[in-house]
Every structure is written in C-alpha cells, then in structure tokens.
Amino acid sequence: MHLRARIGFPALFVAAAVTVGGCAPQDDSTSDDAASPGTSAAAPACDKGKLATHTAGKLTIGTDKPAYAPWFQDDPANGKGFESAVAYSVAEALGYGKDQVVWQTVPFNNSFSPGAKDFDFDINQVSISDERKQAVDFSSGYYDVRQAVIALKSSPYAKAKTIAALKGAKLGAQVGTTSLDTINDVIKPGQKPAVYQKNDFAKSALRNKQVDAIVVDLPTAFYITGAEVTDAKVVGQFPNAGGATEQFGLVLDKGSKLTSCVTQAVDGLRGNGTLADLEKQWLSDAVDAPVLK
C-alpha cells in the first residue's frame, strides 16, 4: 500500500550491519588497536541473547490492553497482527526466541512518560517526537504513519474534501496521541475536541453521534470502518506536516543500554524487506484514501 516504506540496501551492506551488531564486546583498552574503523571501544555489545535486559535471559515487551487490530489480534503473545509480528521479529534479531519473550501491560501514556520502565521496549503505535524523546529513547521508525478522519456515512462531514470543511465538526481522539495533535494543530476546529482514554471510547462516541468524526491512524481507520463501525467511512487522510514523515518507534527507557541494539535490529528488518512484508501481510486492507488539503 502507499504508506509502505521500502528502503532497499545492498545485501552486502545489510550483512555487514548484522555482523557489526552481533560482535562481541571490546575491552576497555584505549590503545589504537582497541577499535577498528566504524566501531568504538565504548560501543554497547549486542551479543545475541545476552543483552542487559530487564530480566536476564528474557526480553520484556510492553503494550496496552486491550491491544487493537490490525496491530494485534487479541493476545499480543500470539504473534498475530502487525506490531506483534514486528515485536517477535525484533526479538529474534536480538537473539530471543518466542518462548523467551514476556509481555507486560503498559497503558499508552505511561509508555513514554518520565520514569523507570518495567519493559525492555514498548510497541504501541507510539509516534517518535522530539518532545517524547526528552523522557524516553526511541528506536528508528518501524512504520511510516498517516492520520485519517472517520465519520458516519450519514454525517454531512462524510463528504468533506478539505481540512477547512472539518473546522465546524465536533471531533474526538485518544488522549496523548498524534491523532489529537492533528485535530489541534492541523484541523484547528472551532469546538474543543473530545478526548478519550481509549480508542474504544472514541468509537462508541462516534457510533452514538456524540462526536461528528474521530481521528486515528490510517490502518486503524480502515479496520474500524470495515469491522467495527460499518456505517462509518474513511473521509480522508492528512498530508505529512511540513513534508516530515511521522513514524512509529519502539519505546525504551531513557538512556537504555539496549537502544542502539534495538535500532540495529529495526534497521536490519527494514533493510532486508521484513518490515515491508509484514506490512503487506497485516495492513493490506489500508488502501488509498483521498488526501485532505
């Protein structure tokens, strides 16, 4: 689909990156022989299956509950859904099998709030932002995001073709999300938006006509309209602000020793086509939607 980011790296480059990522830790020597070009004596070790994880020998992954489709399918531990599949692919790249992965329930806002974390990384459609980076670390992006607006088919706003046409609408979104940021910073409606703790509450508000429309990411929008609120439609998607690409990233504790290793794993999955394949498998229903301008 159009959102897919396909970054093709030469096979030799990818193989080299994996080799560097899996190298043994270097000693603390400061001599010229201590580090070869492109490495550092102080660089964190990424020995597969031997990382300094929250629980030795295990990889603890956080996400919210309930975990929504198409990102998960009921139980995050079943490997079904895009983010569950990505999480297990990252775990495998880090040297942890499925039986070594432990899932931890983490409310969405808690994942990127300040403070120590009970997970090694969290995966929950968390967009990378400079503001959030003040409290947590992020891996490189594993998914390129577009926000979209949903309205009931019977609503006059279902026919909106421009962002300006939505300014009179009562809009809703989940708290702490870039969906809410899109309402406040891009649409700038005349009415204060309704803010919900969970997307489930936003969907109920839409269904009950308590709001005229809600904003969510595009794959979620297609899932909601196709399976949950079938009398609603995807009105359109929003262009990336300022040409920048919004991306979901894995969340880690601020200053985590795993950040570099997890980023290497994500980059490797993007480079070898795994992320694109998983996106095609789990998010293929998110077809093109008109762009609101």
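Sequence order sets the numbering: in each chain, residues are counted from 1 along the sequence as written. pLDDT decides what is reported in this predicted model: residues at 70 or higher carry local features, side-chain atom pairs at 80 or more are listed and counted, and totals for whole chains, interfaces and linings draw on all residues regardless. To get the side-chain values, take all heavy atoms of the structure and skip hydrogens and water.

(A) Summary view of the nonpolar core. Formed by 35 residues in total, the largest nonpolar core has its most connected members in Val 90, Leu 94, Phe 121, Ile 123, Tyr 142 and Val 262. Here a strand is any run of E in DSSP of at least two residues, a helix any run of H or I of at least four, and the numbering for each starts at the N terminus. Sorting the residues of this core by element identifies β1 (59-63), α2 (82-94), β2 (101-105), β4 (136-145), β10 (246-253), α8 (259-271) and α9 (274-282) as the ones contributing at least two each. By definition in these notes, contact holds between two residues if any of their heavy atoms fall within 4.5 Å. Those residues in contact with Tyr 142 that lie beyond four places of it in its chain are Phe 82, Glu 83, Val 86, Ile 123, Asn 124, Gln 125, Phe 248, Gly 249, Leu 250, Val 266, Arg 270 and Leu 275. Residues Ile 150, Leu 218, Ile 224 and Ala 289 belong to the second largest nonpolar core, which totals 19 residues. Residues enter a nonpolar core if they are buried and are Ala, Val, Leu, Ile, Met, Phe, Trp, Tyr or Cys, with the set joined through side-chain atoms within 4.5 Å. When accessible area is computed with a 1.4 Å probe and restricted to protein chains, residues below 20% of their type maximum are described as buried, those above 50% as exposed, and intermediate ones as partly exposed.

(B) Representation of the pattern of salt bridges. The working definition used for a salt bridge is a side-chain nitrogen of Lys or Arg within 4 Å of a carboxyl oxygen of Asp or Glu. Under the definition given, this model contains four salt bridges. Notably, a salt bridge pairs Asp 200 with Lys 203, separated by 3.0 Å at the nearest N-O pair. Of this pair, Asp 200 and Lys 203 both sit in helix α6 (residues 199-207), separated by three residues, roughly a single helical turn. With a relative accessible area of 5%, Lys 203 lands in the buried category. Across the salt bridge formed by Glu 228 and Lys 203, the nearest N and O atoms sit 2.8 Å from each other.

(C) Broad picture of the pairing of strand β6 (residues 171-174). The side-chain alternation of β6 yields two buried faces, one formed by Leu 171 and Ala 173 and the other by Gly 172 and Gln 174. Relative to strand β8 (residues 213-217), β6 is paired through two bridges, and the arrangement is parallel. Pairing of Gly 172 across the sheet is with Ile 214, part of β8. Relative to strand β7 (residues 194-196), β6 runs parallel, the two sharing three bridges. Paired with Ala 173 across the bridge in β7 is Val 195. We call a crossover right-handed when, viewed with the strands running away from us, the connection from the first strand over the helix to the second turns clockwise. Handedness of the crossover joining β6 and β7 through helix α5 (residues 178-187) is recorded here as right-handed. By this definition, two strands are paired if DSSP reports at least two bridges between them.

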